[in-house]
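So the chains spell out like this:
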Amino acid sequence: MTPARKRRLILVLGILAGVGIAGALALTAFKKNVMFFYDPSQVAAGQVPQGERFRLGGMVEKGSVQRTPGSLEVRFVVTDFQHDLPVKYDKVLPDLFREGQGVVAHGRLDQDGIFIADEVLAKHDEKYMPPEVAKSLKNKGQAYVPEGTSKPDALTPAQPAKSAPAGT
Amino acid sequence: MMLPELGHFALILALLLAALQAFFGIAGPQLGKDRWVAAVTPAVAGQFVMVATAIGCLIASFVNLDFSVRYIAENANSALPLGYRIAAVWGAHEGSLLLWIFLLACWTLAVAIGVAKLPKRFGARVLGVLGFVSFAFLLFTLATSNPFLRLDPAAPDGRDLNPLLQDPALAIHPPMLYTGYVGFAVAFAFAGAAMLEGKLDQTWARWTRPWTTTAWAFLSMGIALGSWWAYYELGWGGYWFWDPVENASFMPWLAGTALIHSLAVTDKRGLFKSWTLLLAILAFSLSLLGTFLVRSGVIVSVHSFAADPTRGIFILAFLVIIIGGALTLYAWRAPLLKSQAGFEFLSRESFLLFNNILLVIALAVVFGGTMAPLIADALHMPTLSVGTPYFNPSFTTPILPLLALVSLGIMSSFKRGRLGEHRRTLLVTLGISVVLALAVSFGVFGGPRILTPVGFTLAFWIVLTSLVDPIDRWRRKLSISRSIIGMTVAHLGLALFVIGITAVESYTNEHDIALAPGQTAKQGGYEFRFAKLEPAEGPNYSGVRAQFIVSRDGAPVFTLNPEKRQYWVQRSVQTEAGIGTHHGTNILIALGEDLGANKWSVRLQLRPLVNYVWVAAFVMALGGGIAASDRRYRIARSEASEAVSAGGVVEAK
C-alpha cells in the first residue's frame, strides 16, 4: 500500500469510527430520554412502566383545580372522560392553563397513584388542542369542541368592550 | 375596495410569469435558443412587480382593516395598532407564504442583476431554477392557502392577531428568517444551474459564495431574534428549547454553515465539488421542510396554530418534486464533476472536511430528534416525544470537537500538510486558554460544572487563534482582505456564543416562589422586593403590573415591571416578563397568577451572560456580511467571459 493510500485508509476509518461513536451516543441518549404519551385510561390500565417519566395528556376537569391559598402547590384532575388522574404541581402554571381545556404534563406517578408533574405545557392557543390529546379523545368517541370556537364563516362580533375581559 | 381581487389577480399573473421564467430559463440554454434565454430577465422583472403588487394589496387591506377578507378577519382587529396590522400580514400560514414568495422575488431580482455579468446561459439557468421554485410556491398558495379569499358576509370585526405575536422582535423575526431560508434557494439554483450545465469550477464557487454567506447571515439573525423573543415573551425562561419549530430553523443553518465552509474549499482548491452541491441541495431542502413544518400544523407548537391536514399531500408532493428532482439531477450529473487534486492530512482542506462531517453529524442528531415523533406517529407507534435531555448531550458530542477544529483549521494552510511553525503557536494559545478558563470558572463565577472549563477553554482558544493572523498582517503592514476580516469576526462571534452558552448552562439560577406585595425574596445574591401591584391598560388589553425593586447588598440595582395581560378579543392571558441586566447577568421576573391569600406566584431567574448568545449571533451575521462584500466576489465582465473560455464550456448545440 502506498503511503498516500494508507493515509486515506486511516482517514476513512477514523471518520467511520467517529460517525459510529456519535451515532451510538445519540441512540443511547435517545433511548434513555424519549418520553411516551399516555392518557388517563392507559394509566388506569397499568400500561405505564413503574417509575417511568411520561407525558400525560387530557382535559383539565372542570372544578377540579384546588389551591392551598398563598402556596404554589396546585392540584387538578386530568380526565379523558373515562378515567381520571389526580395531578400535583408546584411551579408557575402556563398562561393557557384553564379548567375544561386540554393539557399536557410531564412527570411521574407516585406510590399513591398521583401524577407529580414537573412541567405543565399549554403551548397551544385556546382554540387549539394538543394533537395527541385530540387523538386520544377521538379514540374514545369524545369529539371535543372547545368553547368559543367558531368557524370563520360565522365570525361573531368580537367584543372590544372592556367590560368583557378574558378568563371567562 | 377591490384591493384583494387585484392582489389575487396579480398573484395569478405572477404564477404565469414564474412558469415562463422557469421554462425559458431551463429549456432555453438546454436547447440553445438564445431568444428564450433573453426572455428570462423580463419575466423576472414582471414577476417581481406582480408579487410586490400582491403583497402590497394585502398590506393595504390589513391597514384598512378590510374584514371582508377571511385572512384579515382571522388575524387583525380594529383595536390592533398600525405596526402590528402590517406584521399581521405574516402572522399566519397564508400570509407567511406570500411573504416567502415576495422575498424570493426580491432575491431573484437581485440575482438577475448580479448574474447580468455572468455567461448568459448560466445566468438563465440560475433564474430558471428560481422561477421553478417560485412557481411551485405560487401554485401552492393559490391552490390551498390563498390569503385574498373573501368572507361573505363580512365580519363586523376581526379575531385579532395572536397576542404572542404582538411584539416588535416577532414582527421582524419572520422576514429575517425567511430572507435566510429563501436565500438558500439561490445557492440551490446555482447548484442546479451547475448540474444542468454539467460543469462546476472554482469560478462557480466564487459566484455562489457571497449569496450563500448573505443568506446564512440573515438566517443567523432570524434565529437569534426568535430565540430572544421566546426568552422574554413566552416566559418559559430559556433561550432555546429544542422545540421542533426552533429545530426547523436551526437545521438549515447547520447545513448552511457546512456549505459556506465547503464552498471555501471548492473556491480555493477546486475540491469537494459534489459534496458542495449536495450541501446546497440539503440546505435548501431543510429550508423548505422548515417552512412547511412550522406553518402546516404537523408540529405541535405555538407557531403552528392553524392546522390543516388537507395541505399535507400537496406539501409532500412539493417536497418530493423539488428535492427528489434535484437529487436525481445530482445522481445523473455529479460523476461529471470529479475533483482533480488530492489533499494532505493536516491541511486546511482536511480540517474543513472534518468540520463538515461534524456539522452533518450534529444536523443528523437534530433531525433524528425532531422527526422521530412524526415518524412514530405516521407508523402508528406509541406517541413519543424527545426533549432537551436527548438533544443537549447528543448535540454537544460532535460540537465540542468541532470547536477545537476551528482553532486548528484557522492555523493550518491550504495545500500544505504540515502545521510547521504554527504548532508552537497552537500549543501556547491553548495553554493560555486553559489558564484563563480555569481562572474565569473559579475566580469570576466560583465553582464550575464539568464542562464549564472545557467550554471556556475552547472559546478562548478560538479568540486567540483567530487573532494571530490578522495581528501578524497588521504588524507587517500587509493588507487584510474583507474575507479574512469577515471570517475573523464570525469566528469571534462563535467564541462569544460559546462563552455565553457555557455560562448560562453552568450558572443559571431559577426558582418559582409565592410572594405577596411588600415581601422580599433572596436569590443568587440579589434581593427582590415585590413593591406593589397596580392595574395596567393597553390599546387592546388590560391587566396588572407588578413593581419589583431588585437590589444587591442593600443597594438598589433597578426596578422591573412584569405584567399579566388579558387580551380582550382572543380572551387570552399573556405574561410580559420584567427583564434587566446587571453585570452581565440577565434577571427575569415573570408574574404567575393570583394564589389567593394576597400572594402571587412569581418566577425569578438569573442567567449570567445569556445576552452574549444573541449578540454573538449578530456578530456572526456581521462577519458574514463583511465577508460577502469582499472585492474578489465582484465580477468583472471580462473576467467572467474569460473564465468560460478557460473552462472550455461546450454549450449544448
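1. Notes on the overall build of chain A
Across its full length, chain A carries 3 helices and 7 strands. Each helix and strand of chain A, ordered N terminal to C terminal, gives the series α-β-α-β-β-β-β-β-β-α. Split into buried and exposed, the 168 residues of chain A put 32% on the buried side. Within chain A, contacts between residues at least 6 apart in sequence are counted, and of these 50% link residues at least 24 apart.

2. Points about unusual backbone geometry
All names here are of chain B. In the segment running from D152 into P153, the intervening peptide bond is cis, with an omega of 0 degrees. Assignment of secondary structure puts P153 in the loop between helix 7 (120–144) and helix 8 (168–197). Phi at W242 takes a positive value of approximately 55 degrees, unusual for a residue other than glycine. Of note, W242 is situated in the loop between helix 9 (202–234) and helix 10 (244–269). You will see that L609, though not glycine, has its phi angle at about 65 degrees, which is positive. In this structure, L609 sits in the loop between strand 11 (599–608) and helix 18 (610–628). You can call L609 buried: it has 21 C-beta atoms within 10 Å.

3. Focus: the sheet that holds strand 11 of chain B
In a beta sheet, neighbouring strands are held together by backbone hydrogen bonds and run either parallel or antiparallel to one another. Residue and element names in this part refer to chain B. Judged by pairing direction, the sheet is antiparallel, and its 4 strands sit side by side in the order 2-11-10-9 without closing on themselves. Single-partner strands in this sheet number two, and they are strand 2 (509–515) and strand 9 (578–582). Ignoring which end each strand starts from, the neighbouring axes of this sheet average 20 degrees apart. Pairing between strand 9 and strand 10 (residues 585–596): 5 bridges, direction antiparallel. Bridge pairing in strand 10 places T581 opposite N586.

4. With respect to the packing of helix 16 (residues 451–475) of chain B against helix 17 (residues 482–507) of chain B
All names here are of chain B. Packing of helix 16 against helix 17 brings their axes to within 9 Å, and their N-to-C directions diverge by 165 degrees. One finds that helix 16 runs roughly antiparallel with respect to helix 17. The crossing of helix 16 and helix 17 is left-handed. Every residue of helix 17 that contacts helix 16 at T452, G455, F456, L458, A459, I462, V463, S466 and P470 is listed here: I484, T488, H491, L492, L494, A495, V498, I499, I501, T502 and S506. Of the residues in the contact of helix 16 with helix 17, the class split is 13 nonpolar, 7 polar and no charged.

5. A word on the domain arrangement of chain B
Residue and element names in this part refer to chain B. Under the domain assignment, chain B is made up of domain 1 (1–166) and domain 2 (509–610). Centre-to-centre, using C-alpha coordinates, domain 1 lies 42 Å away from domain 2. Of the residues lining the interface, 9 residues belong to domain 1; the matching set on domain 2 comes to 7 residues. Across the side of domain 1 that touches domain 2, the residue classes tally to 5 nonpolar, 2 polar and 2 charged.

6. Quick look at helix 6 (residues 93–114) of chain B
Over its 22 residues, helix 6 of chain B extends 31 Å from the first C-alpha to the last, a length consistent with the 32 Å expected when each residue adds 1.5 Å. Burial runs high along helix 6 of chain B: 18 of the 22 residues are buried.

7. Points about the nonpolar core
Counting residues in each nonpolar core, the largest one holds 198 residues, and the members touching the most others are A185 and A187 of chain B. In terms of residues, this core owes the most to one element, helix 8 of chain B, which gives 19 residues. Setting aside its immediate chain neighbours within four residues, A185 of chain B contacts L104, W107, L130, V133 and F284 of chain B. Core analysis: the second largest hydrophobic core is formed by 43 residues, A105 and A117 of chain A together with L515 and A590 of chain B among them.

8. Remarks on the pairing of strand 4 (residues 526–537) of chain B
Residue and element names in this part refer to chain B. Where strand 3 (residues 520–523) and strand 4 come together, 4 bridges link them in antiparallel fashion. In the strand pairing of strand 4, K522 is matched with E527. Taking the residues between adjacent antiparallel strands as the criterion, strand 3 and strand 4 are bridged by 2 residues, where G524 takes a positive phi near 55 degrees. Here strand 4 runs beside strand 5 (residues 541–552); their pairing, made up of 11 bridges, is antiparallel. Looking at strand 5, one finds that F528 is bridged to V550. Hairpin geometry of strand 4 and strand 5 is characterised by an intervening segment of 3 residues between the two adjacent antiparallel strands.

9. Some thoughts on the packing of helix 9 of chain B against helix 10 of chain B
All names here are of chain B. Relative orientation of the contacting elements helix 9 and helix 10 amounts to 155 degrees, with a least axis distance of 9 Å. Here helix 10 runs roughly antiparallel to helix 9, going by the angle between their axes. The element helix 9 and its partner helix 10 pack so that their crossing is left-handed. Among the residues forming the contact of helix 9 with helix 10, the class breakdown is 11 nonpolar, 11 polar and 4 charged.

Conventions we followed
- One numbering rule holds for all chains: residues counted from 1, following each sequence as written.
- Throughout, the order in which chains and ligands are written sets their labels, letters from A for the former and numbers from 1 for the latter.
- Whole-chain, interface and lining totals are the exception, using all residues; otherwise, since this is a predicted model, local features are given only for residues with pLDDT of at least 70 and side-chain atom pairs are given and counted only at 80 or more.
- Strands here are runs of E lasting at least two residues and helices are runs of H or I lasting at least four, both read from the DSSP assignment and numbered beginning at the N terminus.
- Partly exposed residues are those whose C-beta has more than 12 but fewer than 20 other C-beta atoms within 10 Å; with 20 or more the residue is buried, with 12 or fewer it is exposed, and the C-beta atoms are placed from the backbone.
- Contact between residues is assigned whenever the C-beta positions, reconstructed from backbone atoms, fall within 7 Å.
- Pairing between strands requires that DSSP locate at least two bridges from one strand to the other.
- Here, axes are lines fitted to C-alpha atoms. For helices the fit covers the stretch in contact, and angles between N-to-C directions go from 0 to 180 degrees.
- Oblique is the label for every angle not falling under 35 degrees (roughly parallel), over 145 degrees (roughly antiparallel), or within 65 to 115 degrees (roughly perpendicular).
- In this scheme the crossing of two helices becomes right-handed for a clockwise turn of the near helix relative to the far one and left-handed for an anticlockwise turn of less than a right angle.
- Note on residue classes: Ala, Val, Leu, Ile, Met, Phe, Trp, Tyr, Cys and Pro are nonpolar, Asp, Glu, Lys and Arg are charged, and everything else, Gly too, is polar.
- Residue ranges for the domains originate in an automatic or database domain assignment.
- Residue count minus one, scaled by 1.5 Å, sets the expected span of a helix.
- The nonpolar core criterion groups buried Ala, Val, Leu, Ile, Met, Phe, Trp, Tyr and Cys residues into a set whenever they are joined through C-beta atoms within 7 Å.

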